[in-house]
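Okay, here's what each chain looks like letter by letter:
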Amino acid sequence: MANRTDPLAKSIHGTNPQNLVEKIVRSKIYQSTYWKEQCFGLTAETLVDKAMELDHTGGTYGGNRKPTPFLCLALKMLQIQPDKDIVVEFIKNEDYKYVRVLGAFYLRLTGTVADVYQYLEPLYNDYRKIRQKLSDGKFTLTHVDEFIDELLTKDYSCDTALPRIQKRWVLEASGTLEPRRSALEDDFEEEEEDKEDEQPMEIDEPNGREKHDHYRGRSPTRDRDRDRKHERHHRDRDYDRDRDYDRDYGRGRERDRDRDREGDRDRDRDRDRDRHRVRDDEYGRDRDRERDRDVRERGRRDRDRGRRRSRSRSRSRDRRERDREDGEYRRRRGRGSASPRGRAEDGGPRDEPKKRKEKKEKKGEGNAPDPNDPEIIEMNKLRASLGLKPLK
Amino acid sequence: MIEVVLNDRLGKKVRVKCNEDDTIGDLKKLVAAQTGTRADKIRIQKWYNIYKDHITLADYEIHDGMGLELYYD
């Protein structure tokens, strides 16, 4: 197999490194012409040349999801597993932004948490533009720092699930990582100092914290204090971001719980339909009569054939309809104590076709959803959460 | 409102209620919410026509009860 991993490659995150790219995407890459033509027999050195030729990033695009060259090269790196020094050189180089991005992506996939933060965070100061191919084949403009931010904070990038890494503040708390120092921090400090020089002793400052600072005046501990304040401020920001994520997570959980409740809802719906049936009884009466005639007629035919057909009739029901009803049917049957054959005797199947007819009837009438149907309410809730208009 | 059936022929068959003026992209989101597969990993097609995200169901003449093919990528 030409696409097998280098036998000397170490396993990463417990598997073959190539498995870090999802199976479907991987097979798309193996099929792509860029992979076959350009990536054949690449080594760590020749791969650099190919990486220098890159002119956009992105995952897969187009109707049949062709992989971008960027993704092909990333998979190639996973396959041949270049040394860490080489990857670090990729990231450190200043001239080729796509080489840098490729290195960063690879390191994010394979590196340890400490390495990821150590080597990727300096790239937050790289504001160069990069082109990114979207899944519909159009290009969009991003920047290297945005891409890095995506790698560090999201769990999915370029159609690839990124391995989980701890949040920054977790690592800071455990001492693995120093608090991050933004490149803007010096600017902030200078600015603040300028401000203070302008208005040296203003007591009726509206901002409480500022006032506090001023009260303390020019004590020798002041500088250190301010440093700490900076640090805290910075870390607060990180916490905020994390909390945001937590909230998202919570929402996901809630939705799960909703789904758990589905059982209840189904029961509600059943009850609802029963009510409808009662209400619509006289309305469907002549249909009943029709059906009675049907049954009678069929009964006669059965008798003519001299064969019991009560079971086989329910079998030979129109298949599509049965598919539709199947779930509910089975559920209802499961709840009722009657066995399938028992039902046939106690008049169960009589209800069955009637309900189905009703359903069909409802669909025929302009397909207006019943606004009180719990299923519709649920669906509309879901649609609202996805930002769509309610069902018409 | 219409209801369409999406079948991946691998054991997943979902019925989705939607509007006719929903786009395929919206439909994918609804399917994603029902099945748990990411919306951008879903491909909806009919025979060899891969449906595009920005086109509405009405434009593809998708009607009530119609079946679509569900693929993943």
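What counts and what doesn't
Starting from 1, residues in each chain are numbered consecutively following that chain's sequence as written. By the order in which they are written, chains take letters starting at A while ligands take numbers starting at 1. Reporting in this predicted model follows two pLDDT cut-offs: at least 70 for local features of residues, and 80 or more for side-chain atom pairs to be given and counted; totals over whole chains, interfaces and linings ignore these cut-offs and use all residues. Just so you know, side-chain values use all the structure's heavy atoms and leave hydrogens and water out. Elements are defined by DSSP. Helices are runs of H or I of four residues or more, strands are runs of E of two residues or more, and each kind is numbered from the N terminus. We call two residues in contact when some of their heavy atoms are within 4.5 Å. The Shrake-Rupley method, run with a 1.4 Å probe, gives the accessible areas here. Residue values count only the displayed protein chains as cover. The aromatic pairing rule takes the rings of Phe, Tyr and Trp, using the six-membered ring of Trp, and pairs them if the centres are within 6.5 Å, calling planes under 30 degrees apart stacked, those over 60 edge-to-face and the rest tilted. The cut-offs for exposure are 20% and 50% of the maximum accessible area for each residue type, with area from a 1.4 Å probe on protein chains only; residues under the lower value are buried, those over the upper are exposed, and the others partly exposed. We count a charge as sitting over a ring when the NZ of a lysine or the CZ of an arginine lies within 6 Å of the ring centre and within 35 degrees of the ring normal. Here, the term nonpolar core denotes a set of buried Ala, Val, Leu, Ile, Met, Phe, Trp, Tyr and Cys residues that are joined through side-chain atoms within 4.5 Å. The span expected for a helix works out to 1.5 Å for each residue beyond the first. By definition here, a salt bridge exists when the distance from a side-chain nitrogen of Lys or Arg to a carboxyl oxygen of Asp or Glu is within 4 Å.

Caption draft 1: Summary view of the overall build of chain A. Along the backbone of chain A there are 19 helices and seven strands. Put simply, of all contacts in chain A between residues at least 6 apart along the chain, 63% involve residues at least 24 apart. Accessible surface, chain A as shown: approximately 25200 Å² in total, 46% of it carbon and sulfur.

Caption draft 2: Just the packing of aromatic side chains, in detail. Evaluated as defined, the whole model comprises four aromatic pairs over all chains. With centroids separated by 5.5 Å and ring planes inclined at 50°, the aromatic side chains of Phe70 of chain A and Phe105 of chain A adopt a geometry described as tilted. Taken together, the residues Phe70 of chain A in helix α4 (residues 69-80) and Phe105 of chain A in helix α6 (residues 97-110) connect sequence positions 35 residues apart. Of the two residues, Phe70 of chain A and Phe105 of chain A, neither departs from the other in class, the shared state being buried. For the ring pair Tyr51 of chain B and Tyr60 of chain B, a centre distance of 4.0 Å and an interplane angle of 15° mean the geometry is stacked. Residue Tyr51 of chain B is classed as buried on the basis of its relative accessible area of 8%. Classification of Tyr60 of chain B as partly exposed rests on a relative accessible area of 22%. Aromatic ring contacts, followed pair by pair, group Phe70, Phe105 and Phe147 of chain A into a single cluster. The ring of Trp35 of chain A has Lys76 of chain A lying over it, and the distance from NZ or CZ to the ring centre is 4.9 Å. One cation-aromatic arrangement involves Arg38 of chain B over Tyr156 of chain A; the distance from NZ or CZ to the ring centre is 3.5 Å.

Caption draft 3: Layout of the nonpolar core. Counting 51 residues, the largest nonpolar core has Leu102, Phe105, Leu120 and Ile148 of chain A as its most contacted members. Listing elements by their share of this core, those giving two or more residues are α1 (23-31), α3 (44-53), α4, α5 (84-92), α6, α7 (113-120) and α8 (144-153) of chain A. Ignoring sequence-local partners within four residues, the contact set of Leu120 of chain A consists of Ile91, Ala104, Leu107, Arg108, Asp115, Ile148, Leu151 and Leu152 of chain A. Judged by nonpolar contacts, the second largest core, of 23 residues, contains Cys18, Leu30, Val31 and Leu70 of chain B.

Caption draft 4: A look at helix α19 (residues 374-385) of chain A. All names here are of chain A. Over its twelve residues, α19 extends 17 Å from the first C-alpha to the last, a length consistent with the 16 Å expected when each residue adds 1.5 Å. Within α19 the residues assigned to the buried category are Pro374, Ile376, Met379, Leu382 and Arg383. Phi turns positive, to about 80°, at Gly387, one or two residues after α19.

Caption draft 5: Spotlight on the pattern of salt bridges. On inspection of all chains with the given rule, the structure shows 17 salt bridges over all chains. Notably, a salt bridge pairs Glu375 of chain A with Lys17 of chain B, separated by 3.1 Å at the nearest N-O pair. Residue Glu375 of chain A is located in helix α19, and its partner Lys17 of chain B is located in strand β2 (residues 13-18); the two belong to separate chains. Sharing partners across several salt bridges, the network here consists of Glu94, Arg100, Asp126 and Arg128 of chain A.

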